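Structure assessment
Next come the chains, spelled out residue by residue.
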Amino acid sequence: MSKHLLIIDGQEIFADSGSPWASPAWPGVQENLLRLAERFPVIRTRWIPLAHPAGSWRDYFEQWPFAKLPVDHHMLSLVPAVAQLSGPIIDRDTFGKWGEELTKLVGDHPRLIVTGVSTDCCVLSTALAAADAGAYVDVVTDACAGSSPENHEAALACLALYPPQIRLVTTEELIDRSPVA
């Protein structure tokens, strides 16, 4: 069973230092996930705002009004280094990216290498849902960026509670085990 590199939400809204959602760890994370992209098939995701927020999402966008952007807004674009990678892009209006679109690409019980932004939101939500569905999930600790260093560490501590479905690994550990594709 092959592994798939999932790059969660490598978008300007999480990388641009002028964005309220920018992760200070993005530059180092980007370097690591690009190294992994040389070794594994890549699937990229984008978070997009709901067209018609309802329920708690309505309150969410009241708290974060800057994020209610049109889907083609430049802040929702993938950062250039991630955009130029080959592989499919999945757009989802949810925190978690596990769902029908991803399952069609990787199968019901895949091996996923999870990277991206933010460890304490979309990475966490995706990893837990994938594990619940029976996927094997490697969360790459130094290829995920949290909203803050403290939130990154808190999310990793939570994810560490889910072996064997979820394993925490480093970029170097995966590179040492995997030849260049």
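Being a predicted model, the structure only gives us computed values, none of them experimental.

**Some remarks on the overall build of the chain**
Counting its secondary structure elements, the chain contains 8 helices and 6 strands. Seen in sequence order, the chain has helices and strands lined up from the N terminus as β-α-α-β-α-α-β-α-β-α-β-α-β-α. The globule rule puts the C-alpha radius of gyration for 181 residues at 16 Å, and the 15 Å found for the chain is close to it. Seen along its three principal axes, the alpha-carbon backbone of the chain occupies a region of about 45 × 30 × 30 Å. Counting the 181 residues in the chain, one finds 49% classified as buried. Each charge class in the chain can be summarised by its mean position, and for the 13 positive and 22 negative side chains these summaries are 6 Å apart.

**Focus: the packing of helix 6 (residues 119-132) against helix 7 (residues 149-159)**
Where helix 6 meets helix 7, the closest approach of the two axes is 9 Å, and the angle between their N-to-C directions is 15°. As far as their axial angle goes, helix 7 and helix 6 are roughly parallel. Classified by chirality, the crossing of helix 7 by helix 6 is right-handed. Where helix 6 approaches helix 7, its residues Thr119, Asp120, Leu124, Ala127 and Leu128 are matched on the opposing element by Asn151, His152, Ala155, Leu156, Cys158 and Leu159. Classifying every residue of the contact of helix 6 with helix 7 gives 7 nonpolar, 3 polar and 1 charged.

**As for the pattern of salt bridges**
Taken as a whole and judged by the stated rule, the model has 8 salt bridges. Between Arg46 and Asp91 there is a salt bridge, with the nearest N and O atoms lying 2.7 Å from each other. Of this pair, Arg46 sits in strand 2 (residues 42-47) while Asp91 sits in strand 3 (residues 89-92); the two residues are 45 residues apart in sequence, bridging distant segments of the chain. For Asp91, a relative accessible area of 34% corresponds to the partly exposed category. Measuring nitrogen to oxygen at the nearest pair gives 3.3 Å for the salt bridge that ties Glu100 to Lys104. On the criterion of helical spacing, the pair formed by Glu100 and Lys104 is a turn pair, its members being 4 residues apart in helix 5 (residues 100-106). On the accessibility criterion, Glu100 (56% relative accessible area) is exposed. What you see here is one network of salt bridges that share partners, running through Lys3, Asp138 and Arg167.

**Some words on the environment of Gln11**
Position of Gln11 relative to the elements: it lies in the loop between strand 1 (3-8) and helix 1 (12-15). Judged by its relative accessible area of 1%, Gln11 falls in the buried class. For the pair Gln11 and Tyr60, spaced 49 residues apart in sequence, the C-alpha separation works out to 19 Å. A polar contact is formed between the side chain of Gln11 and the backbone nitrogen of Trp47, at a distance of 2.7 Å.

**A short note on the nonpolar core**
Core analysis: the largest hydrophobic core is formed by 33 residues, its most contacted members being Leu5 and Leu36. For this core, the elements supplying multiple residues, two or more each, are strand 1, helix 1, helix 2 (26-37), strand 2, helix 3 (56-63), strand 4 (111-117), strand 5 (136-145) and helix 8 (171-177). A total of 5 residues in this core trace back to one element, the largest contributor, which is helix 2. With residues up to four places along the chain from it excluded, the contact list for Leu36 reads Leu5, Thr115, Val140, Ala143, Thr171, Leu174 and Ile175.

**Things to note about the side chain of Arg44**
Tracing the sequence through the fold places Arg44 in strand 2. Polar contacts involving the side chain of Arg44 include one to the main-chain carbonyl oxygen of Ala83, which spans 3.0 Å. The residues contacting Arg44, other than those within four sequence positions of it, are Ile7, Leu78, Val82, Ala83, Leu85, Ser86, Gly87, Pro88, Ile89 and Ile90.

Rules used in this analysis
Throughout this description, residue numbers start from 1 for each chain and increase along the sequence as written. Only residues with pLDDT of 70 or above have their local features reported here, since the model is predicted, and side-chain atom pairs are shown and tallied only from 80 upward, although totals for entire chains, interfaces and linings are computed over all residues. To obtain the side-chain values, all non-hydrogen atoms of the structure were used and water was disregarded. Secondary structure follows DSSP: runs of H or I at least 4 residues long count as helices, runs of E at least 2 residues long count as strands, and numbering of each begins at the N terminus. Every radius of gyration here is taken over C-alpha atoms, with the globule rule written as 2.2 Å times N^0.38, N being the number of residues. Relative accessibility decides the category of a residue: with a 1.4 Å probe and only protein chains considered, values under 20% of the type maximum give buried, values over 50% give exposed, and everything between is partly exposed. Asp and Glu count as negative and Lys and Arg as positive, but His and the ends of the chain are not part of the count. The atom standing in for a charge is NZ when the residue is Lys, CZ when it is Arg, CG when it is Asp and CD when it is Glu. Here the axes come from fitting lines to C-alpha atoms, over the contacting stretch only for helices, and the angles between their N-to-C directions go from 0 to 180 degrees. Our angle categories are set so that under 35 degrees counts as roughly parallel, over 145 as roughly antiparallel, 65 to 115 as roughly perpendicular, and the remainder as oblique. Each helix crossing is assigned a hand: it is left-handed if the near helix lies turned anticlockwise from the far helix by less than a right angle, otherwise right-handed if that turn is clockwise. Residue contacts are defined here by distance: any two heavy atoms, one from each residue, within 4.5 Å place the two residues in contact. Residues are grouped as follows: Ala, Val, Leu, Ile, Met, Phe, Trp, Tyr, Cys and Pro are nonpolar; Asp, Glu, Lys and Arg are charged; all remaining types, including Gly, are polar. Should a side-chain nitrogen of Lys or Arg be within 4 Å of a carboxyl oxygen of Asp or Glu, the pair is scored as a salt bridge. By the criterion applied in these results, polar contacts are pairs of N or O atoms within 3.5 Å in which, for protein atoms, one can donate a hydrogen and the other can accept it, and in which residues neighboring in sequence qualify only through two side-chain atoms. Take the buried Ala, Val, Leu, Ile, Met, Phe, Trp, Tyr and Cys residues and link them wherever side-chain atoms come within 4.5 Å; each set so joined is a nonpolar core.

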